[in-house]
Amino acid sequence: MAFSFLFFFLSFLVIIGSVSSTANHLRTFIVHVQHDAKPSIFPTHEHWYESALRSLSTDTHSLEIGEGASNRIIHTYSNVFHGFSAKLSTLDAQKLEASPGFLAVIPEQVRHVQTTRSPEFLGLTSTDSAGLLKESDYGSDLVIGVIDTGIWPERKSFDDRDLGPVPAKWKGECVAGRDFPATSCNRKLIGARYFSSGYEATNGKMNETVEFRSPRDSDGHGTHTASIAAGRYVFPASTLGYARGVAAGMAPKARLAAYKVCWASGCYDADILAAFDAAVADGVDVISLSVGGVVVPYNLDAIAIAAFGATDAGIFVSASAGNGGPGGLTVTNVAPWVTNVGAGTIDRDFPADVKLGNGRIIPGVSIYGGPVLAPHRLYPLIYAGSEGSDGYSSSLCLEGSLDPNYVQGKIVLCDRGVNSRAAKGEVVKKAGGIGMIIANGVFDGEGLVADCHVIPATAVGASAGDEIRKYISAASKSKSSPTATISFRGTRLNVRPAPVVASFSARGPNPETPEILKPDIIAPGLNILAAWPDGVGPSGLPSDKRRTEFNILSGTSMACPHVSGLGALLKAAHPGWSPAAIRSALMTTAYTVDNRGQIMMDESTGNSSTVMDFGAGHVHPQKAMDPGLIYDLTSYDYVDFLCNSNYTTKNIQVVTRKHSDCSGAKKAGHIGNLNYPSLSAVFQQYGKHKLSTHFIRTVTNVGDPNSVYKVIVKPPRGMVVTVEPEKLAFRRVGQKLNFLVRVQAEATKLSPGSSIVKSGSIVWSDGKHEVRSPIVVTMQEPL
């Protein structure tokens, strides 16, 4: 029997490291099998998998993890794809290569979480009688699956008052575990599961004194993201007295299912895949994933494979873009079938200013609810980097790096980086400091994140940090001691400008497919108030014994569930819409100007942001409800996209489970012809003077039956963009029409290896709707 098995060596020296040199070293692999290749002698797929593993070597290393083949299997998968995860040595994996019916063996990756004003800021208010919330009945029959650190079910945000019965389609369950009886679920939290086998296969048995072997959240991240997506209206809500008001999620009546996959040392692919597999079987409508990692080709990316299986089943998948900003090429979760969400600010902040001994007031931000510094009094100020053990670790205020003889009774300036911002305050407090200023490094720029500190503390931008260090140095030289104080000014609303692209929000271009613009959109992700567990202090530090029902966190992790909740509202209002239609509605109605009427600012530089920062723009829920036209996609369009991205038929089958003939796709177009709501062209100059490309797009009318859309073209500077036809006349709802976009550019003088990005837009308008698509052109001069 000829065997169809492919073992992927994606830069194996990079991915597996020591495995290539120690062939018996065990690690977890995801094994992808052909669904229809199971030999008939096996009653089930599981028996087949076990037999394949039994046929491998039985050396002592292979048996470290158990006696039989069944013990070696971590999870089996049957919904998002067919296969299993197992501990294997490289030798075992190479032997599996000789087994019929196997498609791929993918080395596991470890991922990490990307850590009440926002509904109002987005125009979703409970008094709104005709908008998205009303149209969708607040999302009441939709189920959002949150793949994260679990949930704290007792929070008021997860109350089931006035909710109807659990939707009849729901097939999930409430899995009991430590401190989590099956009665923890209700008509709001209708499902909860946990997946730890992948985590324990790598790390050994979990420490149950600090972690719950159950869906209960011992971190806080999952509770926070779940309540952003679908928390009920809770009043009063605040964190340590800050951000007082009504807390509410995006889809307050949507049902929640919690899938816990993240543990003390991270979130393991084997468990994430198991959660996706269960969520599809359970019947969720939306999957929210605020977890990310490195970018690899789609056929080696377990999240991309799982998300394709979910999208193929009609589930809208939104994922966080990552917190690697403000540098370029930092965006993660970039597969075109995933809606990728960056983070913006809202019109609220928490000012906490530094007053220096020379009279200068320097703006900062903080959430601090304890005893404050005495008003009208200045305190001695030092820079940790010049007063500690070794310049580097003390400048960052790392554990054990500060000398109490220097720090006692002083305000300490610490540099941002390595350890958490709240942990720096704990280090300063332990050394006897009475306050702390955290200064951004050059890379962080001017972006500020408010944290719940355990000591009077504030965060300032990079240029302010430089100014404070200069002041300390000058005062010390002039024999007058440097002094300062911090004044906490509470909660400030109606801040301008807003939204601003958060400094930490990951940026494009898309490292895997530059022809697909990522992030897709941005949503509120800075200083977001949401539910928090009882077992964790607001700073997240083990020593923090304070307890709060809500906490304020920042990250693309907070932006993603905003879009997950909005996806549920749109699906409730338009049950026939595909995941691509929902994303299209969010993207083509997004806006790019702030509340001053100017292009959104980049928080890290204070300059205008670009499409690489915000994608199509900032979500506008009310407009997304009625977008006029949508760019739709099917699973087969994604197959064609992978064909045109030069993936082999075997690799495409690994991602899509579909047999593909790429000859038709390659004839029909190029990689940029995926029917995506944004258009991105990459020109390699190679000494050519004139460069051109075209895009073919299809729009579906979801607006008024008889409508005529005219195009408005804003070409990227110095380029020619033509659209044919310039007018689209629709006679009925659901009608599809095509158009062609030609982009012509002239070569620019660039040094070898460098590139330049220019952007514009095309807008289709019928006088009532404006359907906007960004056009991005990247000119590259190859090395």
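Throughout this document, residue positions are counted from 1 along each chain, in the order its sequence is written. Selection of residues for local features in this predicted model requires a pLDDT of at least 70, selection of side-chain atom pairs for listing and counting requires 80 or more, and totals for whole chains, interfaces and linings are taken over all residues. Derived side-chain values reflect all non-hydrogen atoms in the structure, with water molecules and hydrogen atoms excluded from consideration.

Under the annotation held in an unreviewed UniProt entry, the chain carries the name Subtilisin-like protease SBT1.5 and is attributed to Datura stramonium. UniProt positions are given in the numbering used here, feature names are shortened, and annotations may be inferred rather than shown by experiment. Its UniProt record gives the chain the following Sequence similarities (unreviewed entry) comment, quoted word for word: "Belongs to the peptidase S8 family."

Let's shift gears to the sheet that holds strand S1 (residues 26–33). Should DSSP find at least two bridges between two strands, the strands are regarded as paired. Under the DSSP-based scheme used, a helix requires at least four consecutive residues in state H or I and a strand at least two consecutive residues in state E, with every element numbered from the N terminus. Taken in spatial order, the 4 strands line up as S2-S3-S1-S4 in an open sheet, and their pairing is antiparallel. Where the open sheet ends on each side, the last strands, each with one partner, are strand S2 (73–77) and strand S4 (102–107). The mean angle between the axes of side-by-side strands here comes to 30°, regardless of whether they run parallel or antiparallel. Here 5 bridges tie S1 to S4, and the two strands are oriented antiparallel to one another. The residue of S4 that forms the bridge with Val33 is Phe102. Here, two residues are considered to be in contact whenever any of their heavy atoms come within 4.5 Å of each other. Note on geometry: axes are C-alpha line fits, over the in-contact stretch for helices, and angles between N-to-C directions span 0 to 180 degrees. Along the sheet, helix H9 (residues 269–282) makes contact with S1, S2 and strand S3 (83–89), crossing S2 at roughly 30°. Seen against the sheet, helix H20 (residues 649–656) touches S1 and S4 and runs at an angle of roughly 75° to S4.

Attention now goes to the nonpolar core. Buried Ala, Val, Leu, Ile, Met, Phe, Trp, Tyr and Cys residues that are joined via side-chain atoms within 4.5 Å together make up what is termed a nonpolar core. Only protein chains enter the calculation, and the probe is 1.4 Å; a residue is then buried if its accessible area is under 20% of its type maximum, exposed if over 50%, and partly exposed in between. Ranked by internal contacts, the top residues of the largest apolar core, which has 115 residues, are Tyr259, Phe276, Tyr298, Trp337 and Leu586. Per-element tally for this core: the top contributor is H9, with 9 residues. Membership of the second largest hydrophobic core comes to 37 residues, among which are Leu413, Cys452, Val460 and Ile468.

Moving on, we come to the side chain of Lys188. Its place among the elements puts Lys188 in the loop between strand S6 (143–148) and strand S7 (189–194). Any N or O atom pair separated by 3.5 Å or less is treated as a polar contact, with the protein-specific requirement of one donor-capable and one acceptor-capable atom, and with residues adjacent in sequence counted only for side-chain atom pairs. Within the structure, Lys188 has its side chain in polar contact with the backbone oxygen of Ala254 (distance 2.5 Å).

Moving on to the side chain of Arg213. Mapped onto the elements of the fold, Arg213 is located in the loop between helix H7 (197–203) and helix H8 (221–230). Note on Arg213: relative accessible area 18%, which makes it buried. A distance of 2.9 Å separates a polar atom in the side chain of Arg213 from a polar atom in the side chain of Glu208. Dropping the residues within four chain positions of it, Arg213 is found in contact with Gly177, Arg178, Tyr194, Ser196, Glu200, Lys205, Met206 and Glu208.

In what follows, salt bridge is the name for a side-chain nitrogen of Lys or Arg lying within 4 Å of a carboxyl oxygen of Asp or Glu. Enumeration over the complete set of coordinates arrives at 32 salt bridges. For Asp353, the salt bridge goes to Arg489, with nearest N and O atoms at 2.5 Å. Of this pair, Asp353 sits in strand S18 (residues 352–356) while Arg489 sits in the loop between strand S24 (483–488) and strand S25 (492–493), and the two are 136 residues apart along the sequence. Two residues, Asp466 and Arg469, come together in a salt bridge whose shortest N-O distance is 3.1 Å. Taken as a pair, Asp466 and Arg469 lie in helix H14 (residues 462–477) at a separation of 3 residues, close to a single helical turn. The exposure class assigned to Arg469 is partly exposed, which follows from its relative accessible area of 22%. Through salt bridges with shared partners, a single network forms among Arg111, Asp269 and Asp301.

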